[in-house]
Amino acid sequence: PPFPGASNTPQRRGVEPPPGRPPGHPGCPGLWWGVGPCGGPPWGMGLSGAVHEDLGRCGAGWGPRGVCRAPSPRRGPRAARGSAFQNKLVDRCERLQLQSAAIARHVDEVLPAKDQGNAANAARELVIQRLIFVGNACENEEQRLLERVHTEEERAHQSILTQRVHWTEALQKLAALRTYLVDMITNLDDQDLVVNEVLAPKNVAEGILEPQESLKLNFNQTCVQSPLLHRLWASAVLCCMEIHIDEKTISPHLSLLEDKKTLTFSPKKAKVDLDCPERFDHWPNALATAAFHSGVCTWKISVEKSCAYKLGVCYSSLPRKGSGNEARLGFNAASWVFSRYDKEFRFLHAGHPQAVELIKSPAEIGVLVDFAGGEVLFYDPDSGTILFSHRETFQEPLYPVFAVAHQSISLVQ
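What you see is a predicted model; the values in this text were computed from it and never measured. Chains are numbered independently. Their residues run from 1 in the order of the written sequence. Reporting in this predicted model follows two pLDDT cut-offs: at least 70 for local features of residues, and 80 or more for side-chain atom pairs to be given and counted; totals over whole chains, interfaces and linings ignore these cut-offs and use all residues. Only hydrogens and water are set aside when side-chain values are computed; all heavy atoms of the structure are taken into account.

Explain the overall build of the chain to me, please; I cannot follow it from the model alone.
Each helix corresponds to a stretch of at least 4 residues labelled H or I by DSSP, and each strand to a stretch of at least 2 residues labelled E; elements are numbered beginning at the N terminus. For the chain, the helix and strand inventory stands at 4 helices and 13 strands. Here's how the labels work: a residue is buried when its accessible area is under 20% of the maximum for its type, exposed when over 50%, partly exposed in between, all with a 1.4 Å probe on protein chains only. Across the 413 residues in the chain, those meeting the buried criterion constitute 31%. Pairs at least 24 apart in sequence give 62% of the contacts found in the chain among residues at least 6 apart. Approximately 25800 Å² of the chain is accessible, and the part contributed by carbon and sulfur atoms is 56%. By the convention used here, residues are in contact when the closest approach between their heavy atoms is within 4.5 Å. Each accessible area is a Shrake-Rupley estimate made with a 1.4 Å probe; only the visible protein chains count as cover when residues are assessed.

Just to check I follow, could you spell out the confidence of the model for the chain for this structure?
Close inspection of predicted coordinates is inappropriate in any region flagged by low pLDDT. Residues of the chain with pLDDT of at least 70 account for 76%, and the chain-wide mean is 80. Here pLDDT means the predictor's own confidence in every residue, given as a number from 0 to 100. Counting interchain partners and residues more than four positions distant, the pLDDT-below-50 stretch residues 12–18 has 25 contacts. Note on residues 20–60: pLDDT under 50 across the span, and 95 contacts to partners over four residues away in sequence or across chains.

Sorry, what's going on with the sheet that holds strand β6 (residues 335–341) here?
Strands pair in a sheet through their backbones, by hydrogen bonds, and they do so in one of two ways: parallel or antiparallel. Pairing between strands requires that DSSP locate at least two bridges from one strand to the other. Judged by pairing direction, the sheet is antiparallel, and its 6 strands sit side by side in the order β3-β12-β5-β6-β7-β8 without closing on themselves. Edge positions in the sheet fall to β3 (285–287) and β8 (354–355), since each of these pairs with one other strand and no more. The pairing of strand β7 (residues 344–349) with β8 spans 2 bridges and is classified as antiparallel. When the bridges of β8 are listed, F347 appears paired with Q354.

Just to check I follow, could you spell out the pairing of strand β2 (residues 262–265) for this structure?
Within a regular strand, the side chains alternate between the two sheet faces. Of the pairings in the sheet, the one linking strand β1 (residues 254–256) to β2 comprises 3 bridges and is antiparallel in character. In the strand pairing of β2, S255 is matched with T264. Where β1 hands over to β2, the hairpin turn is made up of 5 residues, of which K260 adopts a positive phi near 65°. The pairing of β2 with strand β13 (residues 408–412) spans 3 bridges and is antiparallel. If you follow T264 over to β13, its bridge partner there is S408.

Can you walk me through the nonpolar core in this structure?
Nine residue types can take part in a nonpolar core, namely buried Ala, Val, Leu, Ile, Met, Phe, Trp, Tyr and Cys, and a core is a set of them joined through side-chain atoms within 4.5 Å. Formed by 45 residues in total, the largest nonpolar core has its most connected members in L263, W299, I301, V369, L398, F402 and I409. Examining the composition of this core, we find that 6 residues originate from one element, strand β12 (residues 398–404), more than from any other.

Help me out: how do you make sense of the packing of aromatic side chains in this one?
Pairs of aromatic rings are described using the distance from one ring centre to the other and the angle between the two planes. Note on aromatic pairs: the rings of Phe, Tyr and Trp (six-membered ring only in Trp) are paired at centre separations within 6.5 Å, and the planes decide the class, stacked below 30 degrees, edge-to-face beyond 60, tilted for the rest. For the structure on display, the rule yields 8 aromatic pairs. Each ring, one from W336 and one from F394, has its centre 5.3 Å from the other, and the planes form 85°; the classification is edge-to-face. Of this pair, W336 sits in strand β6 while F394 sits in the loop between β11 (385–391) and β12, and the two are 58 residues apart along the sequence. Comparing W336 with F394, the two get one shared label, buried.

Would you take a moment to explain the pattern of salt bridges for this structure?
In a structure, side chains of opposite charge can pair up when their charged atoms sit close to one another. Here a salt bridge means any side-chain nitrogen of Lys or Arg lying within 4 Å of a carboxyl oxygen belonging to Asp or Glu. Applying the stated rule across the entire model yields 6 salt bridges. R391 is the partner of E375 in a salt bridge, and the nearest nitrogen-oxygen pair spans 3.6 Å. Of this pair, E375 sits in strand β10 (residues 375–380) while R391 sits in strand β11, and the two are 16 residues apart along the sequence. Taking relative accessible area as the criterion, R391 reaches 29% and is therefore assigned partly exposed.

Written as structure tokens, this is what we have:
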């Protein structure tokens, strides 16, 4: 600044100098920047940055507040436009200065306070701690399940040994009895047989029953059931495979929207070809286009809009025609489905419903089928909850199957 307290910011035209400034320049009417009527630079800092100190160039003298008394020269339109443009430049300079000050304050004050080093370190520690916890839980669960498998293996093996010893002894007793009886028949005449009838062993075979199948001789697969393992396994493999709904199988009560993923129910039958052998003609069912016969297969269905639906798998041999239970999902040996009707949730297979108690209705349901492992599992992806799990030895390829009797359900892919 030219003197203490002065500003380096260019000043506007048309504004008088503020009172109290030292009269280092004859202030001219309407001019703070440029040359006034007195011929000198304006009050304050001129374009050259110098302060006008020549007080003798204007003979008109000073008026009130240090304004030059000389009349201002008449300014033409071009000069007025130039003055207006200069004022705009001054405004822009002021805005740039304010913006620069705000940016400087952000860089000097705000950004240092936002240092994320500590937060990032805390996040890393949280991830590591939780993974360590999960790892320890998995190791403990692994040890527990392997011990249960070993115990069950020992139990089944011991049962087999016990049965073997029992039936071996039974065979020996029966063989001895048979040998004794054959000797009697061979070596005794009729009269001696009558005499020895009293001496013949009686009820020797009592307690020796016919061998029967026993579940105790089988390895119990339920020993490996673990809610923790199921949840981790389902979360790890529940990556939706791409499946498509087979339009040829869709019931006349259902319609497939243009997205090819949404099945919508209608109480009135649509005009479709009911003679098509693949089409369900009564129950509101539909199948996927392709079956699977190995590996682990998963898919998800959005069910939040419906209060009546069935989801699961079935054999291709499931009948398509008629209103009987043979074509009704879950009421025959060829289908396994998770069912909802109003507020009731059930697992259905072979006409034997099993109630499923849920706190709230899931918005989506994941279906997971381990063909080789013989398990079908219904899963809530949002909460990580296993809704129901069923073990079965599947004999045929499985088709994803859907049924809806209220509003609509949609594949999630």
